[in-house]
Structure formats: C-alpha cells, structure tokens
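For reference, the chains in residue letters:
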Amino acid sequence: MGDLLINFLSGPVPIEAYLGVSLIMFFAGVYGFLSRKSLLMILISVELMLNAADINFIVFNRYLYPGHMEGFFFALFTIAIAACETAVAIAIIINIYRNLSSVQAGELNQMKE
Amino acid sequence: MNFLSLFVLIPALMMIGLFVSKNRKQILFIMTFGASLQLIFTSVVTYMYLAERAAGNMAEMLFTADTVWYAPFNIHYSVGIDGVSVVMLLLSAIIIFAGIFASWKIEPLTKEFFIWYNLLSLGVFGFFICLDLFTMFLYYEIALVPMFLLIGIWGSGKKEFVAMKLILMLMACSALLLMCILGIYYQSGASSMNILEIAKHGIPLQAQYYLFPLTFLAFAIKGAMFPFHTWLPDGHASAPTAVSMFQAGVLMKLGGYGCFRIALYLMPQAAHEFAWIFIILSVISVIYGAFAAVAQKDLKYINAYSSVSHCGLVTFALLMFNQTAMTGAILQMLSHGLMAALIFALIGMIYGRTHTRLINEMSGLMKVLPFLGVSYVIGGLASLGLPGLSGFISEMTIFVGAFQEADTFYRVLTIIACSTIVITAVYILRMVGKILFGAIQDEHHKHLEDATWYERISVVTLIAAIFAVGSAPFWISAMIGESVMPVITQLAK
Amino acid sequence: MQYTLLIILLPLLSFIVLGLMDSKLKPKVAGAIGVSVLGIITLLSYISAFEYFYLHKIEGVYEKLVPLHIEWIRFNEFLHIDLGILLDPISIMMLVVITTVSLMVNIYSLEYMKGEKGFQRYYAFLSLFTFSMLGLVVATNIFQMYIFWELVGVSSYLLIGFYYTKPSAVAASKKAFIVTRFADLGFLIGILFLSFYTKTFDFNILNSGDASIFASTAGVSFMGISVMSWTMGLIFIGGAGKSAMFPLHIWLPDAMEGPTPVSALIHAATMVVAGVFLVARLFPVYHTYAPDVLHVIAYIGAFTSLFAAVIACVQTDIKRVLAFSTISQIGFMMVGLGVSGIGGHEGHEGLGYMASMFHLFTHAMFKALLFLGAGSVIHAVHSNEMNHMGGLRKYMPITNITFLIACLAIAGIFPFSGFFSKDEILAATFQFSPYLGATMSFIAGLTAFYMFRLYFNIFWGKEHKHEHTPHESPFTMAFPLVFLAAVTVVAGFLPFGKLVTADRSEYIIHLDPIVATVSIIIAVLSITLAALMYMKEKETPKQLATTFSGIFKMASNRFYIDEVYIFITKKIIFNLVSTPIAWFDRNVIDATINNIGVVTQWTSHKTKRFQSGQVQQYAYVFLVGTLIIAAIMLFV
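Each chain has its residues counted from 1, running along the sequence as written. Numbering of ligands from 1 and lettering of chains from A proceed in the order in which they are written. Per-residue local features of the predicted model are confined to residues with pLDDT of at least 70, and side-chain atom pairs are confined, for both listing and counting, to 80 or more; whole-chain, interface and lining totals are unaffected and use all residues.

1. Comments concerning the overall build of chain A
Under the convention used in this document: Strands here are runs of E lasting at least two residues and helices are runs of H or I lasting at least four, both read from the DSSP assignment and numbered beginning at the N terminus. Put simply, a residue is buried when 20 or more other C-beta atoms lie within 10 Å of its own C-beta and exposed when 12 or fewer do; between those, it is partly exposed, and each C-beta is set from the backbone. Here contacts are defined at the residue level, using C-beta atoms placed from the backbone and a cut-off of 7 Å between them.
Each helix and strand in chain A was counted, giving four helices and zero strands. Moving toward the C terminus, one meets the helices and strands of chain A in the order α-α-α-α. Projected onto its principal axes, the C-alpha coordinates of chain A cover approximately 60 × 35 × 20 Å. The buried share of chain A, reckoned over its 113 residues, is 12%. Taking contacts inside chain A between residues at least 6 apart in sequence as the whole, the part at least 24 apart equals 48%.

Structural data, given as structure tokens:
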C-alpha cells in the first residue's frame with residue numbers, strides 16, 4: 001500500500017488518475033442530468049459530461065498515441081460545439097422562461113397534452 | 001397518353017379551377033360544367049366502346065395504353081376498359097353529376113368541399129380505368145382518404161367518431177389489399193403489375209390459397225359484407241348528402257368491382273375452393289341486412305341496411321361463377337348505385353326541411369312535398385324490384401343465374417336469397433307509409449317547400465337513369481354479359 | 001293483328017301523359033283523356049275479338065297468334081325474357097273483359113271521383129293498371145307475365161292507397177302488396193324451377209305438348225313429391241295470392257279501402273282473376289305433369305269458396321260482403337279448372353276449363369256491376385254500413401234494378417249469365433266427384449242467400465233516416481250500370497263453348513237438366529229465405545245470431561285469420577326477428593368493432609408513459625439499460 005502510494009506520487013502522473021477524474025466528472029454529470037429539475041442545471045450537467053469526454057480524448061491521445069494529434073483536435077472541436085450548443089440552449093431556456101416563467105423540466109408539457 | 005386518362009384529368013383540372021375560383025358562382029359553374037363534361041365524355045366513351053365492339057374488336061380490354069411509371073418496381077400506368085368498367089364509369093359520372101346538385105347549398109367551406117369531392121371522383125374514375133394493380137391501389141386510396149374530411153367536417157351527428165371509424169376500418173382493408181397485391185405480383189412472376197399479364201402467368205395454387213380469401217375479404221369489406229359492414233350504417237348516417245350518395249352509389253361498388261376484376265380473375269382455382277364461405281356470408285348479409293332494416297327508425301339507417309342487403313346479392317351472384325349471375329351482379333351494382341344514391345339524395349332533401357330523420361317524427365309529407373314524395377316512392381319501388389325500374393332487372397338476372405347451379409347447397413341459398421324480395425317490400429312500404437302517407441302530425445311540416453330546381457335536376461337525373469336501365473336493359477346486359485366472359489373462362493379452367 | 005299492340009301501348013301513353021302532367025291538367029281534360037283512350041282500346045279489342053274468332057280458325061282449332069315478339073333481355077343461350085303479344089282464345093277474352101270493365105269504370109269515375117284531390121293521379125293510376133293488366137294477359141312467356149304481375153300489384157297498391165291521408169287505406173294497401181308479394185315469391189321460385197328444367201319461359205313451347213322439354217324433370221323428386229308438382233304448386237301460390245285463395249285471401253277485404261270503382265275494376269273483375277288466368281294459361285302443363293296439384297287447386301278453391309261464403313253471410317259493410325263474395329266466386333273458377341281435363345268432346349273432360357273461363361267472363365261483368373251499384377249507393381248514402389241503408393229502391397230505381405239483375409245473375413237464376421257459367425262448373429264438379437259437387441251446390445245456395453241479404457238490406461227493409469234524401473246517380477254513373485246489366489242479361493247466351501276451350505277447338509255445351517234444375521231450386525229457396533228474413537225488418541236475424549253466437553262471432557271476425565297474420569308479422573317477424581337482429585347488429589357486431597377501437601385506445605393510454613417526452617426519464621432508462629448490459633457482458 002505504501003509502495004503504491006509512493007510510486008504514485010513520485011513517478012509521472014499515471015493514466016488512471018486522469019481517467020479517475022474524468023470518470024467522476026462524467027458520472028457527476030449523469031447524476032446531475034438525471035436528478036436536477038432545472039433546465040440550467042441539466043445543461044451544466046451535460047457540459048460536465050462533455051468535458052469529461054474531452055479529458056478522455058486528450059489523455060488517451062497523450063498516453064496511447066503520443067505522435068498523433070487527432071485527440072486534441074477532437075477535444076477542441078467538441079469544446080467549440082459545446083459552446084455553440086450552450087448558446088443555443090441558453091437562448092431556448094431564456095425564451096422558455098419568458099413565456100412560462102419557469103425552467104423546470106417537468107412542467108414543460110404544454111405541447112404534449 | 002391515352003384519351004381514357006381524361007377521366008382523371010377532368011377532375012384534376014376542376015380541382016385546379018376550384019382552387020383559383022373566387023366566389024360561389026364560379027365554384028358552382030366549374031362543378032356543373034366539369035361534371036356535365038365528364039358525363040358527356042362518359043357517354044361518348046360508351047358509344048365508342050359499343051362501336052368498337054360492333055366493329056368486331058374482340059380484345060379483352062379496349063383502348064389500352066401502357067406507360068412505365070416507376071421502372072425499378074415495374075409499376076406501369078396502364079389503362080383499358082371493358083363493358084364492366086364502362087358501366088361503372090357511367091354510374092360514377094351520373095352519381096357525381098347528381099351529387100353536385102344535391103349539395104348545391106353546402107355550407108361552410110364550399111370550395112374545400114368540392115375540392116375534396118373532386119378528389120374522390122378522381123379516385124374512382126382512376127380505379128375503374130386502370131389495369132395495373134399498383135395504380136389501381138393508388139386510386140383506391142385516393143378515393144378513400146377524402147372521405148375522412150368530408151364526413152368529419154361537413155357531416156352531422158357524431159361525425160368525428162364516425163369519420164375515424166370508417167377510415168380505420170377501410171384502411172385496415174387497404175392494408176390487407178396492399179399485402180395481397182404485392183403477394184399476387186411476386187407470386188405470379190409477371191414482369192409487370194398489369195392484371196392481364198398476371199392472369200397469363202397465373203399464380204401458383206399454394207399462393208392462391210392464402211391470397212384469394214384475403215383479397216376477396218378486403219374488397220368485400222368495402223362492399224359491406226356481413227360481419228364487416230358496420231362502417232356503413234354509421235358512415236351513411238353522419239355523411240353529408242352528396243357523400244352518402246357517393247358512398248352508397250360508387251364507393252361500395254369498388255368492392256364488388258375489385259372482387260370481380262382482381263380476386264376472381266386472377267385466382268380462379270382458389271375461388272372455387274373458398275366460394276362457399278363467402279356465399280354463406282353473402283346470403284347472411286342479404287337476409288340480415290333486410291331484417292335489420294325492418295326494425296330501424298332512422299331513414300339513413302334503413303337505407304344503409306338495405307344497401308348491405310342489396311350488396312350482399314352482388315357478392316352472392318359473383319360467386320355463382322356463371323355468366324348470367326355475374327352479369328346480374330354487375331347490373332345489381334349499377335342499379336343499387338343509382339337507387340341508393342336517389343334515396344340518399346331524397347333523405348338529405350327531406351332532412352334539410354324537417355330536420356329529423358326519425359320515421360316516427362314525420363308523416364303525411366306527400367301532401368306538402370309532392371315532388372320529393374313521388375320520387376321517394378319511385379326510389380322505394382325500384383329498390384323492391386318493380387319491373388320497369390332497374391332493380392328488377394338485376395335481381396332477376398341474379399336469381400335466374402344462381403338457379404343454374406343444380407347443387408342443393410346453391411339451390412337452398414338461392415331460395416333464401418330470393419326471399420329478400422318480400423322483406424324488402426316490408427321495410428320499404430313501412431318507411432314510405434310512415435313518412436309520406438297519413439295525416440301531417442307536426443305543425444311545422446305544414447309549410448314546407450317542395451324541391452327547388454337544383455334538387456329537381458339531381459333527382460330527375462337519377463330517376464331517368466333508373467328508368468332507362470329498367471326499361472331497356474338489353475344493350476347494357478349484353479355489354480356486360482360479353483365482358484364477364486374472360487373471368488368465366490378463367491374460372492372454368 | 002299488329003294493331004293489338006296499340007291496345008297495350010295507348011294506356012301506357014295515357015299513364016305517362018297523365019302522370020307527368022298531373023295537376024297541370026284540368027281534371028276534366030284528364031278524365032277525357034282516360035275515357036277516350038279506353039274507348040279506343042275497347043273498340044280495338046272488340047275488333048280484334050271479332051277478327052280472331054272469325055278468321056283465325058284452322059281446321060276447327062283456333063290459332064295461337066304472336067303478332068309481336070321482341071327480346072327484352074337475354075340471360076343465357078336458352079333463357080331470355082321476351083316482350084310480346086300472344087293471342088289465343090283466353091287472352092282475347094281477357095282483352096274484352098278488361099277493356100270493357102275498365103272503360104265502364106273510367107266513365108263511372110268521372111262522376112264518382114269528381115272534386116277529389118288527385119283526380120288526375122287517379123286516372124293516371126287507372127291507365128297504369130289497365131296497361132299492366134293487358135300486358136299480363138297477352139304475355140307470351142311466363143316471365144313477361146311475372147313482370148306485369150308485379151306491375152298490377154303495384155298499381156293495385158297505389159289505387160288502394162289512393163286516399164293516402166287515411167291511415168286505414170295506407171295500411172290496407174301495404175297489406176295487399178306484402179301479402180301478394182309473399183305469394184309472388186312462390187311464383188318466382190316456381191318460374192325459376194320451371195325454367196331450369198325446361199330451359200324456356202315461353203308459353204307456346206311449354207304448352208306445345210312436346211314431352212322432350214320436360215324430360216329432365218323425370219324422376220327428380222323432393223320429399224316424395226315430383227319436382228313438377230313442386231314447381232307448379234309454387235307457381236300456383238303466386239296465383240293464389242293474387243286471386244285471394246285461402247289463406248292468402250286476407251288482403252282482399254281490406255283492399256276495399258280504395259275508391260269503389262277501383263274495387264270494381266281491380267278487386268272484382270280483373271286483377272283478382274289473374275290467378276285463375278295463370279292456371280288456365282299453363283293448364284296443359286298442370287294437366288299433364290302435375291295433375292295432383294290440379295286436384296289440390298280444386299280443393300283449395302272449394303274450401304276458400306265455402307269459407308268466404310260463410311263470412312259473407314254475416315258481414316255488415318256492403319263492400320266487404322262483395323269482397324268475400326268475389327273470393328267465393330273465384331273459388332268456383334278454381335274448382336272449375338281443378339276438376340277439368342283437356343279436350344274430350346264426348347266425355348266432357350274439358351267442361352270445367354270452359355266453364356271456369358265462362359264464369360270468369362260473366363263474373364267480371366256482374367261483379368263489376370255489383371260494385372259499381374254499391375258505389376252508387378255509397379255515393380248517395382255516404383256510408384258503407386248496411387244498417388245505414390234500407391228502403392233505397394224508391395230513391396234509386398236504376399241502381400235498384402241493375403243491382404237486382406246482378407244479384408240474380410250471381411245467384412244463378414235463369415236466364416241471367418251467372419246461371420249458365422255456374423251451372424257448368426257444377427256439372428263439371430259433379431262429374432269429378434259428387435261430394436265436391438254437392439259442396440259447391442251448397443255454396444251456390446249460400447251465395448244466393450247472402451247476395452239477397454245484401455240486396456234486401458240495401459233496397460228494402462226499414463228506411464234509415466238520412467240527412468239528405470238519397471238521389472239517383474247522374475247519367476255518367478248510371479250508364480255503366482245499365483250497360484253492364486245489359487251484358488249480364490245477354491252474356492249467358494254467348495256461344496262460349498265455341499270460343500274458349502281447353503284445346504281451342506269447338507265444344508258443344510249440353511246443359512245437364514238435373515244439375516240445372518236442382519241448382520235453380522236451391523237458389524230460389526235461398527232467395528226466399530233471405531227475403532223472409534230481410535225484406536221486412538224482423539227479429540229473426542238477431543235471434544239466429546244469438547242462437548249461433550259462437551260461429552256468428554267467428555264468422556264476423558273472419559275466423560281470426562287476420563289476427564293470426566298480425567301475430568305472425570308483428571309479434572314474430574318484427575319483435576322476434578327484426579328487432580333482435582337490429583339489436584344484435586348494434587350491440588354485438590358494431591360494438592365489437594367499436595370495442596376494438598376502445599381497447600386499442602386503452603392500451604395506448606396505458607403505454608403512453610413510456611413515451612413521456614421527459615428526456616431525463618429516457619436517460620435514466622438508457623443508463624440503467626447500459627449498466628445492465630455491461631453487467632451481463634462482464635459477469636456472464
């Protein structure tokens with residue numbers, strides 16, 4: 001146990017550490033997506049999941065294929081997409097708020113019944 | 001491009017015309033003009049057909065034309081007519097013409113009503129001229145969907161419910177039909193969906209055994225065969241006048257025509273095997289419809305059940321597999337179309353005045369509405385088979401034809417079917433006696449106005465046709481008799 | 001004899017003109033059209049009768065002429081309906097009868113129906129009826145006969161229901177149509193059987209005596225009875241319906257709701273004898289191939305005749321008395337046919353046929369006269385009930401005398417026409433079976449009794465107080481009475497045996513002196529009895545009624561046959577068949593279809609939570625699913 005900890009702290013950062021972070025981020029996102037009622041919180045959770053995916057892209061690229069750049073590009077690409085998506089989503093949410101004075105996901109059922 | 005395509009083009013052009021028309025006057029002008037043109041054109045085609053036959057052209061179908069429409073699936077647009085289609089075209093043209101005058105004052109959305117009405121007529125004309133299974137199906141569907149809107153928007157009573165019910169039941173049989181059409185095409189191995197070609201190839205016996213009952217059933221539902229007739233009474237009760245006329249007069253005939261043209265023609269061997277089931281069902285329809293009509297209180301229901309009874313005779317006669325009975329079946333389609341349309345037109349006109357269709361709430365209308373009353377009596381008499389009117393010819397041809405089968409099973413069923421002439425008399429006379437004769441009970445009914453000029457045109461057209469068929473049946477019966485021969489030959493193989 | 005076509009077509013033309021113009025014509029014009037058309041065709045039919053009986057006899061046998069013959073519709077290589085004209089002695093005789101009576105009725109109606117609403121319509125219907133009846137009798141084939149058979153049925157329906165605002169008239173017309181229609185079903189099935197086996201509809205072929213066309217019926221039987229007996233029996237049912245044979249007679253008394261001249265024309269003289277005509281037309285077939293049916297016809301005729309005569313004795317409505325008397329007399333004609341043979345110049349086999357046709361002829365004349373006389377009385381008294389009449393002889397001398405002549409004729413008193421014809425039927429019946437002969441003689445006695453009961457009740461007995469003094473009818477009504485009375489007086493001396501016989505060759509009538517004497521004695525006795533009971537007002541009839549109250553009540557209620565019919569139609573057909581079927585249709589078949597819809601809807605309501613639209617829910621399900629799959633992949 002002690003050795004493992006020492007190795008972990010002294011050597012280069014192992015891939016598991018990065019993956020652990022992204023795993024936590026991703027499931028935090030999943031949890032938030034499932035449990036939150038507010039559209040904003042849901043959106044934030046989606047962003048969390050996206051960012052977790054970005055981290056994975058970069059980490060896998062760095063550790064498994066050091067000579068390649070595709071992972072980085074994908075990450076950048078995803079960030080850009082996420083930004084656009086957030087912008088659109090926020091716009092929709094604001095509009096919803098203006099019309100319905102609420103951003104609770106469960107209450108947005110007027111198109112359904 | 002064959003001149004037969006004009007049958008489809010005229011309604012299409014009329015629809016475009018209606019689309020750009022501005023006021024009521026223009027709409028009615030377009031409709032009247034177009035429908036008259038259609039009627040004249042149909043008569044011309046009838047004449048041309050007879051002339052061609054007289055000149056000795058004995059091809060199975062005349063004026064055929066064939067264009068590839070969608071090559072990958074071998075779908076062709078192929079047209080052609082024989083005596084049976086000519087009769088059906090005549091019937092449709094007459095009823096559509098009369099229907100326009102019966103819905104002269106339709107409100108609201110006059111323009112839209114007529115557009116959909118035209119689409120219906122386009123569908124039936126297309127169905128009757130086509131020889132290709134796929135295009136037939138296409139037109140069959142076109143003649144179905146507008147019904148939903150016509151009943152749902154311009155109907156009365158529980159119109160939305162009824163429109164839904166009708167369309168779902170008929171769509172179910174369309175689904176069945178589509179399946180069968182594809183089955184027929186692939187099993188036959190023909191290189192196109194043209195029925196003449198499929199008939200030449202023949203369909204393997206195994207395939208016929210499951211395709212025939214389904215195809216026949218699909219068309220028989222359209223022809224309101226027991227126990228799948230229940231779309232009909234409700235449909236009639238809620239439909240606006242012109243649509244009721246159209247439905248009883250033409251749409252139900254698509255069923256009989258389909259049974260004749262597709263089910264029997266393409267799958268003769270299986271037809272022999274399964275005929276008895278459908279004969280029994282037909283005879284049940286005949287008797288059951290007639291008895292059910294006796295106990296009804298609503299005029300439209302009486303005539304709807306009467307339609308069930310009369311159309312039962314159509315399938316009954318088709319399944320007798322001999323020339324006389326089959327001729328009778330086609331004649332019965334023609335004659336039932338005319339008289340059902342007449343009666344529904346009159347019911348609509350009476351309802352428009354009394355605002356009730358219950359026979360208990362009307363009496364003595366003959367005194368205030370002599371024209372409508374007399375026409376109603378004529379319609380009723382035609383329906384109960386008075387000589388000189390069309391119903392007699394068709395029923396007698398059917399009975400004589402059915403009697404040529406010496407088998408006891410057929411004999412008994414034929415005799416049972418014959419007894420409909422008595423039951424029909426019972427409900428027709430009951431209805432006529434209650435609403436037209438006697439003293440006027442309702443004060444409001446004392447000041448009703450008799451038929452207007454446009455209503456008269458509608459009624460007189462139909463009555464004239466009924467008389468014409470009834471008093472000079474020889475040419476029409478000869479024309480049909482010669483045209484059912486290909487089917488008989490197929491069945492005799 | 002092409003011009004006979006005109007006889008048929010002119011009434012049709014007049015129907016079309018009158019029917020289309022209807023109230024646009026003045027009543028007088030409509031009446032004039034009707035009468036003049038009838039006048040022309042009556043003349044034409046007399047001419048054709050003379051021409052036929054004088055010119056168309058070859059070697060002692062009258063020819064069968066077919067001056068016109070067109071194919072109307074073809075069913076298959078054998079069967080086709082033709083429209084044509086067949087002239088032979090019976091159709092010529094019927095032409096004369098129909099046109100004569102119809103002309104008289106048309107003239108009579110000018111006055112009788114004056115001022116009625118729908119006068120033009122009335123004449124249109126009369127023309128329609130005349131047309132159809134003429135078409136019926138000249139039919140060349142059995143299907144043409146059926147066509148016109150239906151047409152006379154419908155004209156009878158229209159004329160009975162002429163007063164369509166009167167519920168009883170509407171009900172009567174409906175009943176008449178449906179009962180005869182029911183009989184026609186038998187007729188139709190009979191035709192279908194006959195045509196199936198013989199491959200023809202044509203009377204000339206059927207009656208030609210050629211055995212080969214019936215060859216296919218040999219040995220075919222059903223329930224022990226040969227197929228030809230079934231066929232001819234079924235065809236007779238049609239005739240029984242029109243001719244009001246028991247138990248299909250119930251429509252005829254009710255049919256008296258129609259205007260009286262119509263009753264005279266249709267329900268006394270012409271249409272009701274269509275059944276007799278039908279049997280006569282197919283007589284060779286009946287005689288050769290279904291002799292058993294012919295005997296059944298005789299017994300049915302005799303029973304009906306007796307049954308109707310008994311009822312006629314107690315009815316109080318004068319038109320109903322006449323109606324039952326008509327039924328009874330048609331029974332006589334049926335008996336005449338039923339007991340007859342063909343030919344037989346020595347053994348008198350053909351006597352029944354000839355006598356029956358003779359009786360048809362004479363009966364048409366005197367029964368029309370009786371009805372027209374009754375109409376004249378009703379016109380004067382405004383009532384149909386016997387006890388509103390009495391002592392009318394002073395006010396209506398012409399009606400009185402003509403009515404008396406007709407009564408004497410129907411009672412069978414020499415030298416009036418009824419004597420000759422009825423006597424020959426009796427003679428033929430005695431030849432066939434003495435018991436049947438005796439029964440028929442008894443019925444003849446009853447006939448004399450009830451006719452004179454009627455006569456004395458109307459014209460003698462106690463005078464009834466009237467609001468207006470009854471008056472004799474004007475000339476247009478009196479002329480037909482006088483004319484028909486004249487015919488009734490002389491018709492008995494017509495050399496009928498030379499004209500109309502079963503084998504179309506001459507037949508010498510020998511009056512059977514015993515039968516004749518006996519029947520005259522019976523008739524005279526009955527008349528005396530009636531005179532004693534009804535000439536002066538007496539208590540005897542009432543006493544008799546109370547003594548025999550059981551049978552009296554049954555007879556005045558017409559032996560409850562109508563009630564049986566109402567029970568069958570209302571209780572059984574309507575309540576036990578139609579209503580349940582209608583219920584079944586709505587609540588079982590339709591409900592099944594509707595319930596399919598309901599179940600589908602219910603299922604989708606239940607399953608719609610799966611499609612909530614809540615993305616979070618979807619994601620949750622998705623996540624759980626992923627985890628489960630992952631777990632499966634890891635551990636399994």
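The discussion continues.
2. Observations regarding the overall build of chain C
Secondary structure summary: chain C contains 25 helices and six strands in total. Relative to its full complement of 636 residues, chain C shows a buried share of 54%. Taking all contacts inside chain C whose residues are at least 6 apart in sequence as the whole, residues at least 24 apart take part in 80%.

3. Brief notes about the interface of chain C and chain B
We apply this condition: Under this grouping Gly is polar, as are all residues other than the nonpolar Ala, Val, Leu, Ile, Met, Phe, Trp, Tyr, Cys and Pro and the charged Asp, Glu, Lys and Arg.
Each partner contributes to the interface: chain C provides 38 residues, whereas chain B provides 42 residues. Elements represented by at least two residues in the side of chain C that touches chain B include exactly β3 (65-74), α5 (142-160), α6 (167-198) and α24 (561-607) of chain C. In the side of chain C that touches chain B, the residues fall into 24 nonpolar, seven polar and seven charged.

4. Quick word on the interface of chain C and chain A
A common way to report how large an interface is uses the accessible area buried once the components associate. Listed as interface residues are six residues of chain C and, on the opposing side, seven residues of chain A. Along the lines of polarity and charge, the residues of the side of chain C that touches chain A split into three nonpolar, three polar and no charged.

5. Regarding helix α1 (residues 4-21) of chain C
All names here are of chain C. Which entries qualify depends on this criterion: Residue count minus one, scaled by 1.5 Å, sets the expected span of a helix.
In this model, α1 (18 residues) spans 27 Å end to end at C-alpha, consistent with the 26 Å of a helix rising 1.5 Å per residue. The set of residues buried in α1 consists of T4, I7, I8, L10, P11, S14, F15 and L18. Along its buried surface, α1 packs onto α2 (27-55), β3, β4 (80-87), α3 (89-112) and α4 (119-137).

6. A word on the confidence of the model for chain C
Here is the rule we go by: Each residue carries a pLDDT score, the predictor's confidence in it, ranging from 0 to 100.
In this model, chain C carries a mean pLDDT of 84, and residues with pLDDT of at least 70 account for 97%. Predicted complex metrics record ipTM = 0.90 and pTM = 0.86.

7. Here we look at the nonpolar core
Defined as follows: As used throughout, a nonpolar core is a set of buried Ala, Val, Leu, Ile, Met, Phe, Trp, Tyr and Cys residues joined through C-beta atoms within 7 Å of each other.
A317, L338, A341, L342 and A345 of chain B together with A368 and F452 of chain C are the most contacted members of the largest nonpolar core, which totals 429 residues. Counting residues per element, this core draws most heavily on helix α15 (residues 351-381) of chain C, which supplies 20 residues. L342 of chain B has contacts with G379, V459, L462, I463 and I466 of chain B, leaving out every residue within four places of it along the chain.

8. Observations regarding the pairing of strand β1 (residues 62-70) of chain B
Residue and element names in this part refer to chain B. Put simply, the test is: Strand pairing requires that DSSP identify at least two bridges connecting the strands.
Relative to strand β2 (residues 75-81), β1 runs antiparallel, the two being bridged by six bridges. Each residue of the ladder has a partner; that of T67, found in β2, is Y77. Remark: four residues form the turn of the hairpin made by β1 and β2, two consecutive strands paired antiparallel; N74 in that turn has positive phi of roughly 60 degrees.

9. Looking at the environment of I40 of chain B
Take I40 of chain B: it is sitting in helix α2 (residues 24-54). Measuring from C-alpha to C-alpha, the distance between I40 of chain B and A93 of chain B comes to 8.8 Å, with 53 residues separating the pair along the chain.

10. Quick look at the packing of helix α4 (residues 110-129) of chain B against helix α6 (residues 145-154) of chain B
Residues and elements named next belong to chain B. What counts is decided by this rule: Fitted lines through C-alpha atoms serve as axes, helices being fitted only where they are in contact, and the angles separating the N-to-C directions of these axes extend from 0 to 180 degrees. Oblique is the label for any angle not under 35 degrees, not over 145, and not in the 65 to 115 range, which are roughly parallel, roughly antiparallel and roughly perpendicular in turn. Note on convention: near helix rotated counterclockwise from far helix by under a right angle means a left-handed crossing. Clockwise means right-handed.
At a minimum axis distance of 9 Å, the contact between α4 and α6 shows a crossing angle of 150 degrees. Classified by the interaxial angle, the pair formed by α4 and α6 is roughly antiparallel. As α4 runs across α6, the sense of the crossing is left-handed. Contact residues: F113, W116, Y117, L119 and L120 in α4; P146, L149, L150 and W154 in α6. Here the residues of the contact of α4 with α6 sort into nine nonpolar, no polar and no charged.

11. Regarding helix α17 (residues 390-402) of chain B
With 13 residues, α17 of chain B ought to run about 18 Å at 1.5 Å a step, and its terminal C-alpha atoms sit 19 Å apart, in line with that. Among the 13 residues in α17 of chain B, 13 count as buried, and that is most of the element.

12. Remarks on unusual backbone geometry
P227 of chain B follows F226 of chain B through a cis peptide bond whose omega is -5 degrees. The omega angle of the peptide bond from F246 of chain C to P247 of chain C is 0 degrees, so this bond is cis rather than trans. With respect to the helices and strands, the residue P247 of chain C is situated in the loop between α8 (227-242) and α9 (251-254). Despite not being glycine, A224 of chain B shows a phi value in the positive range, around 60 degrees. Within the secondary structure layout, A224 of chain B lies in the loop between α9 (205-222) and α10 (231-238). With phi around 60 degrees, F321 of chain B is a residue other than glycine that occupies positive phi space. With respect to the element layout, F321 of chain B can be found in the loop between α13 (299-318) and α14 (323-354).

13. Focus on the packing of helix α12 (residues 268-294) of chain B against α24 of chain C
Interaxial distance between α12 of chain B and α24 of chain C falls to 8 Å at its minimum, and their mutual angle equals 105 degrees. Taken together, the axes of α12 of chain B and α24 of chain C lie roughly perpendicular to each other. For the pair formed by α12 of chain B and α24 of chain C, the contact residues are Y288, F291, A292 and V294 of chain B on the first element and F574, V577, S578, I581, A582 and D585 of chain C on the second. Residues of the contact of α12 of chain B with α24 of chain C, tallied by class, amount to eight nonpolar, one polar and one charged.

14. A word on the arrangement of the chains
Comparison of the two pairs of chains in contact shows the highest number of contacts for chains B and C. These two, chain A and chain B, are apart from each other, with no contact and a minimum C-alpha gap of 19 Å.

15. Some thoughts on the environment of V432 of chain B
Residue and element names in this part refer to chain B. Positionally, V432 belongs in helix α19 (residues 420-436). Along the chain, V432 and Y376 lie 56 residues apart, while their C-alpha atoms are 7.7 Å from each other. Not counting residues within four places of it along the chain, the set of residues in contact with V432 comprises Y376, V377 and G380.

16. Side note on the environment of A341 of chain B
Residue and element names in this part refer to chain B. The topology assignment puts A341 in helix α14. As a C-alpha pair, A341 and F291 span 50 residues in sequence and 21 Å in three-dimensional space. Discounting chain neighbours no more than four positions away, the residues touching A341 are I95, A98, M245, A248, G249 and L462.

17. Digging into the pairing of β3 of chain C
In terms of strand pairing, β3 of chain C meets β4 of chain C through seven bridges, oriented antiparallel. Pairing of H69 of chain C across the sheet is with G84 of chain C, part of β4 of chain C.

18. A look at the confidence of the model for chain A
Detailed reading of predicted coordinates is not advised where the pLDDT is low. Here chain A shows a mean pLDDT of 86. Residues at 70 or above account for 96%. When mean pLDDT is compared element by element in chain A, helix α4 (residues 70-100) of chain A scores highest at 91, while helix α1 (residues 2-10) of chain A scores lowest at 73.

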